[in-house]
Structures are given as structure tokens and as C-alpha cells.
Amino acid sequence: GPDVESYRLRTLALISKKRLSEARTLFGKIQIKHKDLFAVRFVNPILDYFEAISTAAPDGAFQVVPVAISPDFIKRDESSLKALDRAESGFKTLLDSTPTRGDVYFELQHWRLAALVSQPLRRVEAEELCTQLLVENPGDPQVMAIAAVHSLPVERDSNIAVLAAKLNVQI
């Protein structure tokens, strides 16, 4: 039968098809038994995050990367806000086991920022995290996109200049 990675990948595929209930059910088959695997622990907050996104959002919003999603597509009911809290907490916990500031660290931080910025009562935290991430990695396109969509106060010109230099593009 399918192994844990098959279930995990199928769960992510279901998320990308906006089939969140099926994704949660399928993920439940591996979540408890394989709770110590980083890859499995990573899926749970991703699922929590997407459970707070309206399925009316464009298909592109359901990529399994933290894309900038318009606040219009973020659900505001109590259950959704709790899911966003769980997601942010889950990403923060994963960050605690990620000692280096490499690709995984920044991906987790992007997810964390996406979860924070989606919560109206946690905007100050989102702004602080956004600023921190741009200090750590100036011109980070993921952070810049999230900041733009959610109107977070960032120094756009200097970050765009840094990003252009990284890409070797004249502006």
C-alpha cells in the first residue's frame, strides 16, 4: 500500500485542488503515527492555513507555497482565525528545530508571515516579522509580495534595488 510520503504528497495535491476536507481526512491517516517526521509536521500547519482561505479564492492561491493572498479571500470566522493561530504556532515550532538560516528557515518564515498577516488582530506582529525578514534577507520577493498585497509598511525602494541587484537587473 501507499507509504507515508505517498499520503503526504496526496494531501498536498488535494490542497492544491481545494479539496481541504479530503486532505484533512487523508492526512489523519499518517499524522499520529508519523508525528515525529519533519515533513509530516510541516503539512499540518499548511492544512490549518488553507482551511482559513476561502475556496472562492483563485486557484493560484492554493499553491503549496505561501503566496500573497488578497485579504478578501481570508475567512474571518472564529474557527478560521483559530486555524491561522495554529498554523502560525506550528510554523514557529518548526522554526525552533531549524537552526540555520537557509532555504527551509526562510520558507517557514514566509508561511509564518502569511498566517500572521491574515489575522487582523495580529497585524503588528506581522509588520515586525516582515521588517525582521527584510533585514535578514533584503529584497526577499516572497516577503515583498506579501507586504504589497497586505499594505505592510516596508522600505520598498531599497528592497527593490537589492532584489534587482541580486537578479542582475537594471532599474
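The coordinates are above.
Residues numbered from 1 in each chain as written. Predicted model: local features only at pLDDT ≥ 70, side-chain atom pairs only at ≥ 80, totals over all residues. Heavy atoms only, no water.

Attention now moves to the pattern of salt bridges. Summed over all chains, the structure comprises 13 salt bridges. The partner of arginine 24 in a salt bridge is aspartate 48, with the nearest N and O atoms 2.7 Å apart. Highlighted residues: arginine 24 in helix α2 (residues 20–31) and aspartate 48 in helix α3 (residues 38–51), separated in sequence by 24 residues. The salt bridge involving arginine 101 is made with glutamate 136; its shortest N-O contact spans 3.6 Å. One end of the pair, arginine 101, is in the loop between α4 (78–96) and α5 (103–117); the other, glutamate 136, is in helix α6 (residues 123–136), and 35 residues separate them in sequence. (Salt bridge = Lys/Arg side-chain N within 4 Å of Asp/Glu carboxyl O. Helix = DSSP H or I, 4+ residues; strand = E, 2+ residues; numbered from the N terminus.)

Attention shifts here to the packing of aromatic side chains. A full pass over the atoms with the stated rule returns eight aromatic pairs. A centroid spacing of 5.1 Å and a plane angle of 80 degrees characterise the contact between tyrosine 49 and phenylalanine 50, whose relative ring orientation is edge-to-face. When sorted by exposure, tyrosine 49 lands in the same class as phenylalanine 50, which is buried. Every member of this aromatic cluster is reached through a ring pair, and the members are Phe38, Phe42, Tyr49, Phe50, Phe62, Phe91 and Trp111. (Phe/Tyr/Trp six-rings, centres within 6.5 Å; stacked < 30°, edge-to-face > 60°. Buried < 20%, exposed > 50% of the residue type's maximum accessible area, 1.4 Å probe, protein only.)

In this section: the packing of α3 against α5. Where α3 contacts α5, the two axes come as close as 10 Å, and the packing angle between them is 25 degrees. By the angle between their axes, α3 is roughly parallel relative to α5. In this structure, α3 crosses over α5, and the sense of that crossing is left-handed. Counted together, Phe38, Phe42, Ile46, Tyr49 and Phe50 of α3 and Val104, Glu107, Leu108, Trp111, Ala114 and Ala115 of α5 form the full contact between these two elements. Among the residues making up the contact of α3 with α5, the classes are represented as 10 nonpolar, no polar and one charged. (Axes fitted to C-alpha atoms, helices over the stretch in contact; angles between N-to-C directions. Parallel < 35°, antiparallel > 145°, perpendicular 65-115°, else oblique. Left-handed = near helix turned anticlockwise from the far one by under 90°. Contact = heavy atoms within 4.5 Å. Nonpolar A, V, L, I, M, F, W, Y, C, P; charged D, E, K, R; others polar.)

What follows concerns the environment of leucine 134. Mapped onto the elements, leucine 134 comes out in helix α6. For leucine 134, the contacting residues outside a window of four places in its chain are Gly139, Asp140, Val143, Met144, Val154 and Asn159.

We now examine the side chain of arginine 112. For arginine 112, the location among the structural elements is in helix α5. Look past the residues within four positions of arginine 112 in its chain and what remains in contact with it is Glu88, Phe91, Lys92, Leu95 and Leu129.

With that settled, the discussion passes to the packing of α6 against helix α7 (residues 141–149). At a closest axis distance of 10 Å, the pairing of α6 and α7 adopts a crossing angle of 150 degrees. One finds that α6 runs roughly antiparallel with respect to α7. Regarding α6 and α7, the two cross each other, and that crossing is left-handed. Contact with α6, carried on its side by Cys130, Leu133 and Leu134, involves Val143, Met144 and Ala147 of α7 and no other residues of that element. The residue makeup of the contact of α6 with α7, split by class, is six nonpolar, no polar and no charged.

Turning next to the side chain of asparagine 159. Take asparagine 159: it is sitting in helix α8 (residues 156–166). Exposure remark for asparagine 159: the relative accessible area of 8% places this residue in the buried category.

This part is about the nonpolar core. Counting residues in hydrophobic clusters, the biggest one holds 48 residues, and the most contacted among them are Ile15, Tyr49, Phe50, Ile53, Leu113 and Cys130. Taken together, the elements giving at least two residues each to this core come down to α1 (4–16), α2, α3, α4, α5, α6 and α7. At nine residues, α5 tops the list of elements feeding residues into this core. The residues touching phenylalanine 50, leaving out its near neighbours within four places in the chain, are Ile15, Leu20, Ala61, Phe62, Gln63 and Trp111. (Core = buried A, V, L, I, M, F, W, Y, C linked by side-chain atoms within 4.5 Å.)

So far we have only geometry, and geometry alone does not tell us how the molecule works.
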